Amino acid sequence: MVGLVLAAAVVGLVLGDAWLWAAVEWSSPVYAKFYARGGFDPPTVVALLVAAPVKAALLWLILRAPAPGPLDRRAKALRRLLYLAVAYTLVLWGPIALLPDAVDTAFQLALWTAIDVLYLLVIRWRSRMLRAAAGVMFAVELAGMADELLDELDLPELGPGGVVEPVLILGGVAATVITVVGQRRDGRWSRGTQAAGWLSVGVYALVIPLNFLPGGISIGSLPMLVIMDAVGLVNTVWIAATARELPAEGRPADLPPARRRVIRVSVAAVAVLPIIALIHPEQTPRLTYTGWSADCHDRPGFGDLKPAERDAVFLCLARSTDGGVPPMFPDSLSDQGILASGRALCRAKDRDEQKAILTRAGSARPAWGADPWDLVYVCPEIVGATHPELLRSTTEAEAANTDYIAEENAKCRDPWPRTKGVVQATAKYFLFADGDHGYLVHDPGDEAVAEAAEQAMDRVYDDSALIGVADSAALIGHVEDVADLCLTVKAFRTAPPRRTAGWDQVNEVPITSRSGRLTVPEMGEDGEVGAGAPMPNLAIAGKGRYRLRVYVRIGDAGEEHLVAVFPGASRKRLKLKP
């Protein structure tokens, strides 16, 4: 068996990476292109050639013939189910993977539920407490599978994934440990089978931190994936050996001392070598995150992160390609190189020096330089000196933004304090500097409001008053080149006095409400554009036609607008004060 697999690996090496992958990993050559589009690097090829004899030897142990001897009905059922689990690991996973993920998860849940129940009935635990503990651990293991099935079916899960998932995985490891203990107390299983069980526990203990700690196994560490795939067969060896030795009565004779030493060395090698493989010289490039890493979509606030997490966020940002934008640094540059270049960018005296640093690092966008909101993650002491707001947590930033909006709203005053509207509001309206045409008064319940808003935007510069009107939307432009202005809106049942004195311009235009609503957009969750306070419904007479009178003036406090809304059927545009 070892020779056959090695021969297949050699043939695969001659035919190309795809066939080498198929010969060693026992999966379709198509997966090779998924893991390495540009071909395997030398470490991956070496890992595949090393994994080939290891997997062949483990496969030989798996395929050994069952031990002869009588079995009762429960033991026969357990043996068949255990061999079904082995067949799933080696062969059945392929065709089952073509089905929906929920089918695969449901199959495994049903299979291991039956196996765990038969473990409780077939193994001679020789202790009620031990059998009860095994039942609890098996229940936790099955709960983990059930939680995964709920996730696949988009149903409510057992709890937050960050808390529940590690607990359930540790429960699965504990289930393996207690099963091996039960085998030892039973006496039917050999030392080799028990050693395979303990080895499978060791593999779990190695895989869990690699998957859940920062910098765990990813597509970027393909050699480690190959090694872990080979080592993972140890669990299948244990399952097959458990099924094979079910008929044996009495503890098998101890192995010769020489063979026991070989087994101990093998156990130590399997447990230690993968850990050693993770340790690289400091100059070896590490690629913890790439521009396509799933964990890089979010951008947490600096104050929300622990010190150990900040470098990882900068690596995400530095390799990000969101929106089709070239990354700050290429994927080929190691983590160490990116972090060193990032700290050098913090110390750069000007944009030209930043450009030189990025050029040396192979950046695709050296002329862009680097922004302080990106660099804060690698040099907070430098960036925070000039931009202390970037050091805030999300909670602190939200509180500061709320305080800022309240302060800006307080600067705006009602220009008609003695003329009360049926409803009214005064607030600061925030605009993008040099980017917004103005603000809308519109009917948000009109199905065609988006089209009307576009038409109003097209018409805003057709008139010297900078008011574009289209049915249920009116876009009111700003006169000065400003980022925000003071806005007061009032709704009246009849036309209010004109009172043009003190205003630079006063204009009146028609507007329609189809749903019985007219309002001004409020600042959204992004906290950038819109009114800084809640805006009322100005269509106080319900559906129908209204008149919109807009007062504009510019003073020492900036630009100020007053919008008066009242029912009116006229469709004329009036310039009350040009």
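Our structure is the block above this text.
Residues numbered from 1 in each chain as written. Predicted model: local features only at pLDDT ≥ 70, side-chain atom pairs only at ≥ 80, totals over all residues. Heavy atoms only, no water.

**Concerning the packing of helix H5 (residues 73–97) against helix H6 (residues 101–122)**
Two elements in contact, H5 and H6, have axes separated by 9 Å at closest approach and are oriented at 155°. Accordingly, the angle class assigned to the pair H5 and H6 is roughly antiparallel. Where H5 crosses over H6, the handedness of that crossing is left-handed. For the pair H5 and H6, contact is made by Arg74, Ala75, Ala77, Leu78, Leu81, Leu82, Leu84, Ala85, Tyr88 and Ile96 and by Asp104, Phe107, Gln108, Leu111, Trp112, Ala114, Ile115, Leu118, Tyr119, Leu121 and Val122, respectively. (Axes fitted to C-alpha atoms, helices over the stretch in contact; angles between N-to-C directions. Helix = DSSP H or I, 4+ residues; strand = E, 2+ residues; numbered from the N terminus. Parallel < 35°, antiparallel > 145°, perpendicular 65-115°, else oblique. Left-handed = near helix turned anticlockwise from the far one by under 90°. Contact = heavy atoms within 4.5 Å.)

**Considerations on the side chain of glutamate 408**
The residue glutamate 408 is located in helix H18 (residues 394–410) in this model. In this structure the side chain of glutamate 408 is engaged in a polar contact, spanning 2.9 Å, whose partner is the side chain of lysine 411. Setting aside residues no more than four positions away along its own chain, glutamate 408 makes contact with Lys428 and Phe430. (Polar contact = N/O pair within 3.5 Å; in protein donor to acceptor, adjacent residues only side chain to side chain.)

**Observations regarding the sheet that holds strand E9 (residues 558–567)**
Read from one edge of the open sheet, seven strands run E7-E1-E5-E9-E8-E6-E10, paired in mixed fashion. Of all strands in the sheet, those bounded by a partner on one side alone are strand E7 (530–531) and strand E10 (574–577). As paired elements, strand E8 (residues 544–555) and E9 share 10 bridges and run antiparallel to each other. Across the sheet, residue leucine 548 finds its bridge partner in E9, namely valine 565. Lying on the sheet, H18 is in contact with strand E1 (423–430) and strand E5 (484–491); it crosses E1 at an angle near 120°. (Pairing = 2+ DSSP bridges.)

**Notes on the state of the cysteines**
For the coordinates displayed, the defined rule picks out two disulfides. Between cysteine 346 and cysteine 379 runs a disulfide, and the two sulfur atoms are separated by 1.7 Å. The chirality of the disulfide connecting cysteine 346 with cysteine 379 is left-handed, given an S-S dihedral of about -70°. Of this pair, cysteine 346 sits in helix H14 (residues 335–347) while cysteine 379 is found in the loop between helix H16 (372–375) and helix H17 (380–386), placing the two residues 33 residues apart along the sequence. Each member of the pair, cysteine 346 as well as cysteine 379, carries the same accessibility label: buried. A sulfur-sulfur distance of 2.1 Å marks the disulfide that ties cysteine 412 to cysteine 486. Looking along the S-S bond of the cysteine 412-cysteine 486 disulfide, the torsion reads about -80°, which is the left-handed sense. Taken together, the positions of cysteine 412 in the loop between H18 and E1 and cysteine 486 in strand E5 put the pair 74 residues apart, joining distant regions of the chain. (Disulfide = S-S within 2.5 Å. Buried < 20%, exposed > 50% of the residue type's maximum accessible area, 1.4 Å probe, protein only.)

**Quick word on empty space enclosed by the protein**
Throughout the structure, instances matching the rule amount to two cavities of 30 Å³ or more. What the second largest cavity holds in volume is close to 40 Å³. Considering the residues around the second largest cavity, the lining is formed by Ala465, Leu466, Ile467, Ile476, Gly477, Val479, Gln505, Asn507, Val550, Val552 and His561. Broken down by class, the residue content of the lining of the second largest cavity amounts to seven nonpolar, four polar and no charged. (1 Å grid on protein atoms, 1.4 Å probe; cavity = no way out; pocket = protein on both sides within 12 Å on 5 of 7 lines; lining within 4 Å. Points joined across faces, edges and corners; volume = space filled by probe spheres on them. Nonpolar A, V, L, I, M, F, W, Y, C, P; charged D, E, K, R; others polar.)

**Regarding a negative patch on the surface**
A cluster of acidic residues, Asp101, Glu148, Asp151, Glu152, Asp154 and Glu157, forms a negative patch at the surface. No other element matches the three residues that helix H7 (residues 128–152) contributes to the negative patch. Within the secondary structure layout, glutamate 157 lies in the loop between H7 and helix H8 (161–186). Judged by relative accessible area, glutamate 157 falls into the partly exposed class, the value being 37%. (Patch = residues over 30% accessible without salt bridge, like charges linked within 9 Å, V, L, I, M, F, W, Y side chains within 5 Å. Areas by Shrake-Rupley, 256 points an atom, 1.4 Å probe, with all protein chains shown as cover. Salt bridge = Lys/Arg side-chain N within 4 Å of Asp/Glu carboxyl O. Lys, Arg positive; Asp, Glu negative; His and termini not counted. Charge placed at Lys NZ, Arg CZ, Asp CG, Glu CD.)

**Here's the deal with a nonpolar patch on the surface**
A surface patch of nonpolar side chains, amounting to about 240 Å² of accessible area, comprises Val46, Val50 and Val54. Inspection of the secondary structure puts valine 46 in helix H4 (residues 42–62).

**Overview of helix H13 (residues 307–319)**
Buried within H13 we find Ala312, Val313, Phe314, Leu315, Cys316, Leu317, Ala318 and Arg319. On its buried side, H13 packs onto H14 and H16.

**Considerations on unusual backbone geometry**
The phi dihedral of aspartate 154 is positive, around 60°, even though this residue is not glycine. Mapping aspartate 154 onto the fold places it in the loop between H7 and H8. Backbone geometry places leucine 466, a non-glycine residue, at a positive phi of 60°.

**What about the sheet that holds strand E2 (residues 438–442)?**
Taken together, three strands build an open sheet; the order of strands is E2-E4-E3 and the sheet is antiparallel. Edge positions in the sheet fall to E2 and strand E3 (467–470), since each of these pairs with one other strand and no more. Averaged over all neighbouring strand pairs, the angle between strand axes comes to 15°, with direction disregarded. Sheet topology places E2 next to strand E4 (residues 473–477); five bridges connect them, and they run antiparallel. When the bridges of E4 are listed, histidine 442 appears paired with alanine 473. The strands that helix H19 (residues 449–459) touches are E2, E3 and E4; relative to E3, the one it contacts most, it runs at about 145°.

**What about the pairing of strand E6 (residues 505–513)?**
In terms of burial, E6 is largely enclosed, as nine of its nine residues are buried. A two-sided burial pattern is seen for E6, the buried positions comprising Gln505, Asn507, Val509, Ile511 and Ser513 on one face and Val506, Glu508, Pro510 and Thr512 on the other. Taken together, the nine bridges between E6 and E8 define a ladder with antiparallel strand orientation. Among the inter-strand pairings, isoleucine 511 is bridged to a residue of E8, identified as tyrosine 546. Examined bridge by bridge, E6 and E10 share three bridges and lie antiparallel to one another. Directly across from asparagine 507, in E10, lies its bridge partner lysine 575.

**Focus: the nonpolar core**
If you look at the biggest cluster of nonpolar residues, it comprises 41 residues, and the most contacted ones within it are Leu78, Trp112 and Ile115. Listing elements by their share of this core, those giving two or more residues are H4, H5, H6, H7, H8, helix H9 (191–212) and helix H11 (233–244). Ranked by the residues each element gives to this core, the list is headed by H6, at eight residues. What isoleucine 115 contacts, discounting residues up to four positions off in sequence, is Leu78, Leu81, Leu82 and Ala85. Ala465, Ile476, Tyr546 and Val565 belong to the second-largest nonpolar core, a separate cluster that totals 30 residues. (Core = buried A, V, L, I, M, F, W, Y, C linked by side-chain atoms within 4.5 Å.)

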